[in-house]
Amino acid sequence: MLLFTGKGGVGKTTTAAAVALANARRGAATLVLSTDAAHSLGDALDRDLSASGSTGPVSIEPCLHALQASGRAHFDGSWTIVHDYLASTLSSLGVDPLVAEEMTSLPGSEEIAALLEVRDQVRSGRWDLVIVDCAPTAETLRMLALPESIAWHLGRMIPGTVGLRRAARPAAAAALGIPLPDVRFLEVIRAAYEDMLGVHEILASPRASVRLVMTPEAVVIAESRRTWTSLSLYGYAVDAVYVNKVLPPSAAGEAGAAADWLASWNRAQTAGIAEVSQSFDGLPVIRAPYLPQEPVGPDALAGLAAAWQDEALTGHVLDAVATRTMRVDRTTEGYTLALPLPLTTAREVGLQRREDELVLTVGDHRRIVTLPAVLTRCTVVSARVRSGALTVGFVPDPAQWPR
Ligand SMILES: Nc1ncnc2c1ncn2[C@@H]1O[C@H](COP(=O)(O)OP(=O)(O)OP(=O)(O)O)[C@@H](O)[C@H]1O
Ligand SMILES: [Mg+2]
């Protein structure tokens, strides 16, 4: 599975559709799926996909299907049970009903519905390759952070799950005069929890990765750099970057305002491409020309794909991601936990130990990492950010270690 994201308007949908098309024409059973509510995948393919959210993937070519995730709220029916319980609890505590309503609606339900659609398609076994055309970066990051953070919240409501020691127990509820949840409440929570774990497992699997699409402009590159850091924080791998809309070089010796304009853009784009190569060192950087017209429809998309190097077309996750996720290693003193955090410095990273969790922040992004069992009985002794990775040192806490 390949997810395409990047700043607004850089060509995510076009690139995703062209990669899908190229793979389908090489015989891979391919699905291109859009989680972006903007519905532009249909425009790029020149097909109406608006009904596909309810009727299923639409056939575009022999090996290519396309689907616009409907964003229909998946939990709506069952979530009512949870919502009603929480709302009555809050109102019995004297919380204003309007505020209670706000607090009990499920955030990001459209994104969750889209992710569950992705999960179902991946699990169906129907596809060799699933390509996901995502919304612009801010929304995509929010969407990709959801499964783990929702699972974390739901996990605390399920007795016997990690992190539940501090959750309200029935006795406490009775003492406080809060109505007790019924069995269905727990069933809904448990099902939603498993859904979120399933989605996260698929997104973070070694067979999935993110490709960043950008244009060679300073502002776009700056945002893409931050996106790479944030994706890494959440444990998602990036395996290639596409630099789209590269202008053709101006002919030597040409004069006039138009030629000056083009020459000026050529210089800026050359500098931009150099910066991309430097920033995303180690990842393949794939360039695509700014075509003389919008590549709309399968043949035009295939034309764009034909302008790429071979690497751009691959439907396989590229090797660059070997070091993608968190790793725990033994050391002579104890253990280290390492997480890739490219393009960031120690000053920007926040780290807080909270019982069996680590709370990591980079800028506005936060991730709560549930520590592996062995580390929960250790003390944090060091933390550093160097060469694009955060390394946290742990030593066993003798008080918590069986002799
Ligand atoms: N290489 C290219 N050459 C010429 N036109 C292009 C190229 N790539 C994309 N376009 C055009 O640029 C516009 C934006 O492309 P696209 O919709 O793929 O961007 P996007 O990043 O998905 O946008 P959004 O942020 O709205 O989802 C479209 O009109 C598309 O046809
Ligand atoms: Mg798009």
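The following refers to the structure shown.

Conventions adopted
Residues numbered from 1 in each chain as written. Chains lettered and ligands numbered in written order. Predicted model: local features only at pLDDT ≥ 70, side-chain atom pairs only at ≥ 80, totals over all residues. Helix = DSSP H or I, 4+ residues; strand = E, 2+ residues; numbered from the N terminus. Buried ≥ 20, exposed ≤ 12 C-beta atoms within 10 Å, placed from the backbone. Contact = placed C-beta atoms within 7 Å. Pairing = 2+ DSSP bridges. Axes fitted to C-alpha atoms, helices over the stretch in contact; angles between N-to-C directions. Near = placed C-beta within 6 Å. Nonpolar A, V, L, I, M, F, W, Y, C, P; charged D, E, K, R; others polar. Core = buried A, V, L, I, M, F, W, Y, C linked by C-beta atoms within 7 Å. Parallel < 35°, antiparallel > 145°, perpendicular 65-115°, else oblique.

Some words on the overall build of the protein
Next, step 1: Per the secondary structure count, the protein includes 13 helices and 15 strands.
Next, step 2: Taken across its 403 residues, the protein has 36% of its residues classed as buried.
Next, step 3: Looking at the protein alone, contacts between residues at least 24 apart form 70% of all its contacts between residues at least 6 apart.

Details of the sheet that holds strand E10 (residues 335–340)
Next, step 1: Read from one edge of the open sheet, 4 strands run E9-E10-E15-E14, paired in antiparallel fashion. Strands at the two margins of the open sheet, each flanked by one partner only, are strand E9 (327–330) and strand E14 (378–386). Across the sheet, the mean angle from the axis of one strand to that of its neighbour is 20 degrees, orientation sign disregarded.
Next, step 2: By the bridge criterion, 6 bridges tie E10 to strand E15 (residues 389–396) in an arrangement that is antiparallel. When the sheet's bridge partners are listed, leucine 339 is paired in E15 with leucine 390.

Concerning the site of ligand 1
Next, step 1: Taken together, 22 residues surround ligand 1, and among them Gly11, Lys12, Thr13, Thr14 and Glu294 come closest.
Next, step 2: Of the residues contributing to the shell around ligand 1, the split by class is 10 nonpolar, 8 polar and 4 charged.

Points about the environment of arginine 119
Next, step 1: By the secondary structure assignment, arginine 119 is in helix H6 (residues 109–123).
Next, step 2: Along the primary structure arginine 119 and leucine 203 are separated by 84 residues, whereas in three dimensions their C-alpha atoms are 8.6 Å apart.
Next, step 3: In contact with arginine 119, other than residues within four places in its own chain, are Gly198, Val199 and Ile202.

Concerning the nonpolar core
Next, step 1: Core analysis: the biggest nonpolar cluster contains 96 residues, and Ala17 and Ile131 have the highest contact counts within it.
Next, step 2: Leaving out residues up to four positions away in the same chain, alanine 17 has contacts with Val32, Leu41, Ala44, Leu45 and Leu301.

Details of the packing of helix H10 (residues 218–233) against helix H11 (residues 257–279)
Next, step 1: Taken N-terminus to C-terminus, the directions of H10 and H11 make an angle of 10 degrees; their axes are 10 Å apart at the nearest point. The orientation of H10 relative to H11 falls into the category roughly parallel. Taken together, the residues of H11 that come into contact with H10 (itself represented by Ala218, Ile221 and Arg225) are Gly272, Glu275, Val276 and Ser279.
Next, step 2: In terms of residue class, the contact of H10 with H11 is built from 3 nonpolar, 2 polar and 2 charged.

Considering the environment of leucine 304
Next, step 1: By the secondary structure assignment, leucine 304 is in helix H12 (residues 298–306).
Next, step 2: Along the chain, leucine 304 and proline 289 lie 15 residues apart, while their C-alpha atoms are 7.9 Å from each other.
Next, step 3: In contact with leucine 304, not counting residues within four places along its chain, are Thr14, Ala18, Ala288, Leu291 and Pro295.

Describing the packing of helix H1 (residues 12–25) against H12
Next, step 1: Across the interface, H1 lies against H12 with an axial gap of 8 Å and an inter-helix angle of 90 degrees. Here H1 is positioned roughly perpendicular relative to H12, judged by the angle of their axes. Only Pro298, Leu301, Ala302, Leu304 and Ala305 of H12 make contact with H1, whose side of the interface consists of Thr14, Ala17, Ala18, Val19, Leu21, Ala22 and Arg25.
Next, step 2: Across the contact of H1 with H12, the residue classes tally to 10 nonpolar, 1 polar and 1 charged.

A short note on the pairing of strand E2 (residues 30–34)
Next, step 1: Taken across its 5 residues, E2 has 5 buried, putting it largely inside the fold.
Next, step 2: Residues Thr30, Val32 and Ser34 of E2 are buried on one face, and the alternating residues Leu31 and Leu33, pointing to the opposite face, are buried as well.
Next, step 3: Of the strand pairs in this sheet, E2 and strand E4 (residues 64–68) are connected by 5 bridges, and their pairing is parallel. Residue pairing for E4: threonine 30 is matched across the bridge by leucine 64.
Next, step 4: Pairing of E2 with strand E5 (residues 129–133) involves 5 bridges; the strand directions are parallel. The residue of E5 that forms the bridge with valine 32 is isoleucine 131.

Regarding the sheet that holds strand E7 (residues 238–246)
Within a sheet, neighbouring strands are paired by backbone hydrogen bonds and run either parallel or antiparallel to one another.
Next, step 1: Sheet architecture is open: 8 strands sit in the order E3-E4-E2-E5-E1-E6-E7-E8, paired in mixed fashion. If you trace the sheet from one side to the other, it starts and ends with strand E3 (58–61) and strand E8 (285–289), each paired once. Between one strand axis and the next, the sheet turns by 25 degrees as a mean value, whatever way the strands run.
Next, step 2: Across 3 bridges, the pairing between strand E1 (residues 2–6) and E5 is parallel. In the strand pairing of E5, phenylalanine 4 is matched with aspartate 133.

That is the geometry; function is a separate question.
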